[in-house]
Amino acid sequence: MTSKLLKAATYAGAILSTLALVSIVGYILIQGVPHLTPSLFAWEYTSENVSLMPALISTLIMAALSLVMAVPVGVASAVYLVEYARPGSRFVRVVRVTTETLQGIPSIIYGLFGLLFFTTALGWGLSLLSGACTLAIMVLPVIMRTTEEALLAVPQSYRQGGFALGAGRVRTVFRCVLPSALPGILGGVLLALGRCVGEVAALLFTAGTVAQIPSFGTEGIFALFESCRTLAVHMYVLASEGLHLGETYATSVVLLVMVVVLNTLTNFAAKKLSKERR
């Protein structure tokens, strides 16, 4: 009897979750698709066209910068904790507790830290670089924990086989362990990417809301210190103004499509790497 109740509760939860997802996505598509006009993708933003193109490009640049900073540090830290640190040591426990705590901190706290440190103390102002560094700190715990779990899931026999063949620890980690854990690591990177793309609160304090494309062509590296807005911030600004609600829904459709495409590409890459590994 208990098993039947649990099974029914599981099916009910799955159905409710599916219905909620379909309802949200369907409502966004119904409200947003009719407002997907060519002017919405104009290269320059004006108060008439409220173009999302500057925000789209800024989103891709900021997400890429954040991952470039966070992924190497997060993966290297997880490799040290799993492969090099003494199991069960106090240092490992402290790092894991700290990482889990950082995962639960609200994003606005990260925004206030970025405002005080990157924007004010370092003098970077409301800029692309301030926002990217803040996002990198936000997603670092996610990458560390998912990478650590992926490394722990690799069978111990892989490591023992590498050592038995005379390979050192570094060679074993890079040739045996990391390739096997790569699908799990990519999953963590995907979670981090989703948080970068959908973040609003932290970027309002660090990147600003200026709707412009960073001028890397003319300003070079100084474009990193220009203010910008991401798609999520763009949606927030339009919704707050209350003048372009249709364009707000259209922007949400573009954001939804972008997340789905990135998710699909990441899953495809993970499956392909898994097949090649086999």
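Predicted model, so just to flag it, every value in this text is computed and none were measured.

1. Overview of the overall build of the chain
Alright, step 1. Helices and strands together make up the secondary structure of the chain, namely eleven helices and zero strands.
Alright, step 2. Helices (α) and strands (β) of the chain occur, in sequence order from the N terminus, as α-α-α-α-α-α-α-α-α-α-α.
Alright, step 3. For the C-alpha atoms alone, the extent of the chain along its principal axes is close to 70 × 60 × 35 Å.
Alright, step 4. Classification of the 278 residues of the chain by burial places 39% in the buried group.

2. Structural notes on helix 4 (residues 107-121)
Alright, step 1. Between the first and last C-alpha of helix 4 there are 20 Å, a value that for 15 residues agrees with the 21 Å anticipated at 1.5 Å per step.
Alright, step 2. Along helix 4, the helix axis deviates most sharply at Gly114, where the bend reaches about 35 degrees.
Alright, step 3. All of the buried residues along helix 4 are Ser107, Tyr110, Gly111, Gly114, Phe118 and Thr119.
Alright, step 4. On its buried side, helix 4 packs onto helix 3 (90-103), helix 5 (128-152), helix 7 (169-198) and helix 8 (201-206).
Alright, step 5. Looking one or two residues past helix 4, Gly123 carries a phi angle of roughly 75 degrees, positive in sign.

3. Details of the pattern of salt bridges
Alright, step 1. Counted under the stated rule, the structure contains five salt bridges.
Alright, step 2. Residues Arg159 and Glu83 are paired through a salt bridge, measuring 2.7 Å at the closest nitrogen-oxygen approach. Of the two residues, Arg159 sits in helix 6 (residues 156-164) while Glu83 sits in helix 2 (residues 53-84), which places them 76 residues apart along the sequence.
Alright, step 3. Look at Glu83 and you get buried, because its relative accessible area is 7%.
Alright, step 4. Residues Glu148 and Arg96 are paired through a salt bridge, measuring 2.3 Å at the closest nitrogen-oxygen approach. Of this pair, Glu148 sits in helix 5 while Arg96 sits in helix 3, and the two are 52 residues apart along the sequence.
Alright, step 5. Through salt bridges with shared partners, a single network forms among Arg96, Glu100, Arg145, Glu148 and Glu149.

4. Some thoughts on helix 5
Alright, step 1. Taking 1.5 Å of rise per residue, 25 residues should cover 36 Å, and helix 5 covers 35 Å from first to last C-alpha, within 8% of that figure.
Alright, step 2. At Val139, helix 5 is bent by approximately 35 degrees, the largest bend along its length, and proline Pro141 sits one to four residues beyond.
Alright, step 3. Of all 25 residues in helix 5, 20 are buried; the element is thus mostly enclosed.

5. What to know about the side chain of Thr206
Alright, step 1. Its location among the elements puts Thr206 in helix 8.
Alright, step 2. Among the polar contacts listed, one links the side chain of Thr206 to the backbone oxygen of Ala202, at a separation of 2.9 Å.

6. Here's the deal with the packing of aromatic side chains
Alright, step 1. The full count for this structure, using the stated rule, is seven aromatic pairs.
Alright, step 2. With a centroid separation of 5.0 Å and 75 degrees between ring planes, the pair formed by Phe117 and Phe118 is classed as edge-to-face.
Alright, step 3. Taking the relative accessible area as the measure of exposure, Phe118 reaches 7% and is therefore buried.
Alright, step 4. Above the plane of the ring of Tyr84 lies Arg169, whose end atom (NZ or CZ) is 5.8 Å from the centre.
Alright, step 5. Over the ring of Tyr45 we find Arg229; its NZ or CZ atom is 5.3 Å from the centre of that ring.

7. A few points about a nonpolar patch on the surface
Alright, step 1. Together, Tyr80, Tyr84, Phe91, Val170 and Phe174 make up a nonpolar patch on the protein surface, roughly 550 Å² of accessible area in all.
Alright, step 2. Secondary structure elements with two or more residues in the nonpolar patch: helix 2 and helix 7.
Alright, step 3. Among the secondary structure elements, Tyr80 is positioned in helix 2.

8. What about the confidence of the model for the chain?
Alright, step 1. Confidence along the chain averages 85 in pLDDT terms, with 95% of residues attaining 70 or more.
Alright, step 2. Within the chain, the lowest mean pLDDT, 58, falls on helix 9 (residues 216-219), and the highest, 92, falls on helix 4.

9. Topic: the packing of helix 3 against helix 5
Alright, step 1. As a packed pair, helix 3 and helix 5 sit with axes 9 Å apart at the nearest point and diverge in direction by 130 degrees. Considered as vectors, helix 3 and helix 5 are oriented oblique to each other. Between helix 3 and helix 5 lies a crossing whose hand is left-handed. Touching Val95, Arg96, Thr99, Glu100, Leu102 and Gln103 of helix 3 are Pro141, Val142, Met144, Arg145 and Glu148, all from helix 5.
Alright, step 2. When the residues that make up the contact of helix 3 with helix 5 are grouped by side-chain class, the tally is five nonpolar, two polar and four charged.

10. Some details on the side chain of Arg145
Alright, step 1. The residue Arg145 is located in helix 5 in this model.
Alright, step 2. With sequence-adjacent residues up to four places away left out, Arg145 is seen in contact with Arg96, Thr99, Glu100 and Gln103.

11. Examining the nonpolar core
Alright, step 1. Counting residues in each nonpolar core, the largest one holds 53 residues, and the members touching the most others are Met62, Leu151, Ile185 and Leu231.
Alright, step 2. Only helix 2, helix 4, helix 5, helix 7, helix 8, helix 10 (231-241) and helix 11 (245-277) provide two or more residues apiece to this core.
Alright, step 3. For this core, the element with the most residues is helix 2, which contributes twelve residues.
Alright, step 4. In this view, Met62 contacts Leu128, Gly131, Ala132, Leu135, Leu203, Ala207, Cys228 and Thr230; residues no more than four positions away in its chain are not counted.
Alright, step 5. Judged by nonpolar contacts, the second largest core, of five residues, contains Leu81, Val92, Val95 and Met144.

What counts and what doesn't
- Residues numbered from 1 in each chain as written.
- Predicted model: local features only at pLDDT ≥ 70, side-chain atom pairs only at ≥ 80, totals over all residues.
- Heavy atoms only, no water.
- Helix = DSSP H or I, 4+ residues; strand = E, 2+ residues; numbered from the N terminus.
- Buried < 20%, exposed > 50% of the residue type's maximum accessible area, 1.4 Å probe, protein only.
- Expected span 1.5 Å × (residues − 1).
- Bend = angle between axes of the 7 residues up to and from the residue.
- Contact = heavy atoms within 4.5 Å.
- Salt bridge = Lys/Arg side-chain N within 4 Å of Asp/Glu carboxyl O.
- Polar contact = N/O pair within 3.5 Å; in protein donor to acceptor, adjacent residues only side chain to side chain.
- Phe/Tyr/Trp six-rings, centres within 6.5 Å; stacked < 30°, edge-to-face > 60°.
- Lys NZ or Arg CZ within 6 Å of the ring centre and 35° of its normal.
- Patch = residues over 30% accessible without salt bridge, like charges linked within 9 Å, V, L, I, M, F, W, Y side chains within 5 Å.
- Areas by Shrake-Rupley, 256 points an atom, 1.4 Å probe, with all protein chains shown as cover.
- pLDDT = per-residue confidence, 0-100.
- Axes fitted to C-alpha atoms, helices over the stretch in contact; angles between N-to-C directions.
- Parallel < 35°, antiparallel > 145°, perpendicular 65-115°, else oblique.
- Left-handed = near helix turned anticlockwise from the far one by under 90°.
- Nonpolar A, V, L, I, M, F, W, Y, C, P; charged D, E, K, R; others polar.
- Core = buried A, V, L, I, M, F, W, Y, C linked by side-chain atoms within 4.5 Å.

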